[in-house]
Amino acid sequence: MSKKPFYLTTAIAYTSGKPHIGNTYEAVLADAIVRFKREQGYDVRFQTGTDEHGQKVEIKAGEQGVTPKEFVDSVSGEIKKIWDLMGTSYDRFIRTTDEDHEKQVQKIFRKLYDQGDIYKDSYEGLYCTPCESFWTESQLVDGKCPDCGREVAPAKEEAYFFRMSKYQDRLIKHINENPDFIQPESRKNEMMKNFIEKGLQDLCVSRTSFKWGIPVDFDPDHVIYVWIDALSNYITGLGYDVDGNHDPLYEKYWPANVHLIGKDILRFHTIYWPTMLMALDVPLPKQVFGHPWLLQDGGKMSKSKGNVIYADDLAKYFGVDAVRYFVLHEMPFENDGNITWDLMLERMNSDLANTLGNLVNRTISMSNKYFGGDVVNKGVDEDIDAELKKTILDACKEANDKMDHLRVADSLSAVMSIFKRLNKYIDETMPWALAKEEDKQDRLATVLYNLIEGINIGASMIKPFMPETADKILSQINAEFRSFDNMDEFGLYKSGSKVTDSPEILFARMKMDDLVAMVEADTAE
């Protein structure tokens, strides 16, 4: 039986500088989803990458005395390095300077022009350079850019425009007929009320005021603007071809199951992108999911505020999987999450060192102490065992259900509840007391078997979220990864297996003073 395809993309990171933890969160979130989907039996395609053209890049490259291409090669390389460090299992890391992408973008632009969906005019408005966006006076907030709050300046230039207004009614109809198209629900209401129902304007899709972009092949004074360039990556990365000579990847994986993006760029993905696809006669993605922001002490992270935290720094202090756990656990479905040093330390000590790490270490140590590391199911069950087994298997079902609705933090919490229940089971069964009674040795063996089996299930379920940790646990208990197809049965761990005689500490407790000392030492360098 062939596997069902599942195609997920992230927004492509803009190459104006190093990505902070808020940017990195999206890549980790996407990775947890696709790893989970793979274990659920889907044929997954995961695409991420970098958006590399535009005025900001041209300016920054000039400031550094390098060419724009040299600049984006460096920044894109750094972004890819961080995505790799965080364990993101993408299938393609696309760059908008890739030759296959640039070629198709030119063909897309020409097709839309030839069929009358792009026309030439001139644009006069208020321009925000950081956002590369034109605004009308009425769209400004306190006289400033509504997206980033920075100053805008009057600008006028000749440009090509996409007839976005032509597709307004069709877009509204699609959104109304496909309630899951924009998620969460609150984001859909916001898009409809604030943008679509107010009436769509035609969209500026070329520029002449800078050169760093894909040229309009029939009018080389113009470069193709970000909307057509960057957004098209979702199909060009699969081998979409305007002339219909598509790569089999496109035929297999499009339309995308999920475009995973930050809530601040929802407008581009739920208005600009769908109307372009309609004009191209290409099916729309099944869902656009606008995730919340990861905030630093309650405020959006920005380099200008000096409140930026970087993923590679956090990984150095806490380890990659601890950082993955933190950003996935702290982000609710709709509301913004908060990242603070105190909260990270608390999660490290409470959830990871204590609930997870201590459980694995204690269980392996008791298996070695009482039975020389042999784990044998003697079948001496008590009522409490049935409740333990049911709780664990129910948690697996819940984790699957939550992930099907992209409630990633809730799915991770369901998995963590397995480890919490196993810790409670140790307190309830008191293996150290059983060890003192000669006639309770088979019961003790059964208790330890149940603990190891529970850990086997929990480690397998947590692998999409914390892949390195899961592998370490499975290795220490001498267990195979448990397929998600087998999460409805308790007792599959091979009786008679032997755990390691030297368990490794998975997560060490940390003190704030030690953390502060490490951060200060790095800052002083």
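Summary of the structure given here. (Residues numbered from 1 in each chain as written. Predicted model: local features only at pLDDT ≥ 70, side-chain atom pairs only at ≥ 80, totals over all residues. Heavy atoms only, no water.)

## What about the packing of aromatic side chains?
Moving on, step 1. Scanning all chains against the criterion turns up 25 aromatic pairs.
Moving on, step 2. Between Trp-227 and Tyr-272, the ring centres sit 5.0 Å apart and the planes meet at 80°, which makes this aromatic pair edge-to-face. With Trp-227 in helix 7 (residues 226-231) and Tyr-272 in helix 10 (residues 266-280), the pair connects residues that are 45 residues apart, well separated along the chain. Like Trp-227, the residue Tyr-272 is buried in the burial classification.
Moving on, step 3. Aromatic rings pair up to connect Tyr-7, Tyr-234, Tyr-253, Trp-254 and Trp-273 into one cluster.
Moving on, step 4. Sitting over the ring of Tyr-310, Lys-18 keeps its end group 4.5 Å from the ring centre.
Moving on, step 5. Over the face of the ring belonging to Tyr-225 we find Arg-207, whose NZ or CZ atom lies 5.2 Å from the ring centre. (Phe/Tyr/Trp six-rings, centres within 6.5 Å; stacked < 30°, edge-to-face > 60°. Helix = DSSP H or I, 4+ residues; strand = E, 2+ residues; numbered from the N terminus. Buried < 20%, exposed > 50% of the residue type's maximum accessible area, 1.4 Å probe, protein only. Lys NZ or Arg CZ within 6 Å of the ring centre and 35° of its normal.)

## Section: the sheet that holds strand 7 (residues 153-162)
Moving on, step 1. Overall, antiparallel pairing links the four strands, which are arranged 6-5-7-9 in an open sheet. Lying at the two open borders of the sheet, with one neighbouring strand each, are strand 6 (133-135) and strand 9 (203-204).
Moving on, step 2. Strands in contact with helix 10 are strand 6, strand 7 and strand 9; relative to strand 7, the strand with the most contacts, it is inclined by about 30°. (Pairing = 2+ DSSP bridges. Contact = heavy atoms within 4.5 Å. Axes fitted to C-alpha atoms, helices over the stretch in contact; angles between N-to-C directions.)

## A look at the pattern of salt bridges
Moving on, step 1. Counted by the stated rule, this structure contains 38 salt bridges.
Moving on, step 2. Across the pair Asp-241 and Lys-107 runs a salt bridge whose closest N-O atoms are separated by 2.7 Å. Of the two residues, Asp-241 sits in the loop between helix 8 (233-236) and helix 9 (248-253) while Lys-107 sits in helix 4 (residues 99-114), which places them 134 residues apart along the sequence.
Moving on, step 3. When its relative accessible area of 6% is taken as the criterion, Asp-241 is described as buried.
Moving on, step 4. Using a relative accessible area of 22% as the deciding quantity, one classes Lys-107 as partly exposed.
Moving on, step 5. The closest approach of N and O atoms between Glu-428 and Lys-424, which form a salt bridge, is 3.9 Å. A residue pair is termed a helical-turn pair when its members lie 3 or 4 positions apart in one helix, as Glu-428 and Lys-424 do in helix 15 (residues 408-429) at four residues.
Moving on, step 6. Given a relative accessible area of 31%, Glu-428 falls into the partly exposed group.
Moving on, step 7. Note on Lys-424: relative accessible area 47%, which makes it partly exposed. (Salt bridge = Lys/Arg side-chain N within 4 Å of Asp/Glu carboxyl O.)

## Notes on the state of the cysteines
Moving on, step 1. Across all of its chains, the model carries zero disulfides by this definition.
Moving on, step 2. Cys-204 forms no disulfide, and the closest cysteine sulfur to it belongs to Cys-128, at a distance of 14 Å.
Moving on, step 3. Residue classification places Cys-204 among the buried residues on the basis of a relative accessible area of 6%. (Disulfide = S-S within 2.5 Å.)

## Topic: helix 5 (residues 168-177)
Moving on, step 1. The complete set of buried residues in helix 5 reads Gln-168, Leu-171, Ile-172 and Ile-175. Looking down the long axis of helix 5, one finds its buried residues gathered within 100° of arc, a one-sided arrangement. Facing away from the buried surface of helix 5 by more than 90 degrees, the exposed residues are Asp-169 and Glu-177.
Moving on, step 2. Buried residues belonging to helix 5 abut strand 8 (182-183), helix 6 (185-196) and helix 10. (Arc of directions from axis to C-beta.)

## Overview of the side chain of Asn-456
Moving on, step 1. Note that Asn-456 resides in helix 17 (residues 441-462).
Moving on, step 2. Here Glu-480 takes part through its backbone oxygen, which lies 3.2 Å from a polar atom of the side chain of Asn-456.
Moving on, step 3. A polar contact of 3.0 Å, which involves the side chain of Asn-456, links it to the side chain of Arg-482.
Moving on, step 4. In this view, Asn-456 contacts Leu-474, Ile-477, Ala-479, Glu-480, Arg-482 and Tyr-493; residues no more than four positions away in its chain are not counted. (Polar contact = N/O pair within 3.5 Å; in protein donor to acceptor, adjacent residues only side chain to side chain.)

## Re the side chain of Ser-89
Moving on, step 1. Along the chain, Ser-89 falls in the loop between helix 3 (68-85) and strand 4 (92-95).
Moving on, step 2. Within polar-contact distance, the side chain of Ser-89 engages the side chain of Arg-38 at 2.8 Å.
Moving on, step 3. With residues near it in sequence (within four places) discarded, Ser-89 still touches Asp-31, Val-34, Arg-35, Arg-38 and Phe-46.

## Side note on the pairing of strand 14 (residues 288-291)
Moving on, step 1. Side chains Val-288 and Gly-290 of strand 14 all project onto a buried face; the interleaved residues Phe-289 and His-291 project onto the opposite face, where all are buried too.
Moving on, step 2. In this structure, strand 8 lies alongside strand 14, joined through two bridges in parallel fashion. Residue pairing in the sheet places Gln-183 in a bridge with Phe-289 of strand 14.
Moving on, step 3. In this sheet, strand 14 lies alongside strand 13 (residues 258-262) in parallel orientation, the contact comprising four bridges. Each bridged residue has a counterpart across the sheet, and for Leu-260 the counterpart in strand 14 is Phe-289.
Moving on, step 4. In this fold, strand 13 hands off to helix 10, which returns the chain to strand 14; that crossover is right-handed. (Right-handed = clockwise from strand over helix to strand, strands pointing away.)

## With respect to the sheet that holds strand 12 (residues 223-224)
Moving on, step 1. Spatial ordering of the open sheet is given by 10-12-11, a layout of three strands whose pairing is antiparallel. Since the sheet does not close on itself, it has two edges, and those belong to strand 10 (206-207) and strand 11 (214-215), each with one partner.
Moving on, step 2. Relative to strand 12, strand 10 runs antiparallel, the two sharing two bridges. Across the sheet, the residue bridging to Ser-206 is Ile-224, located in strand 12.

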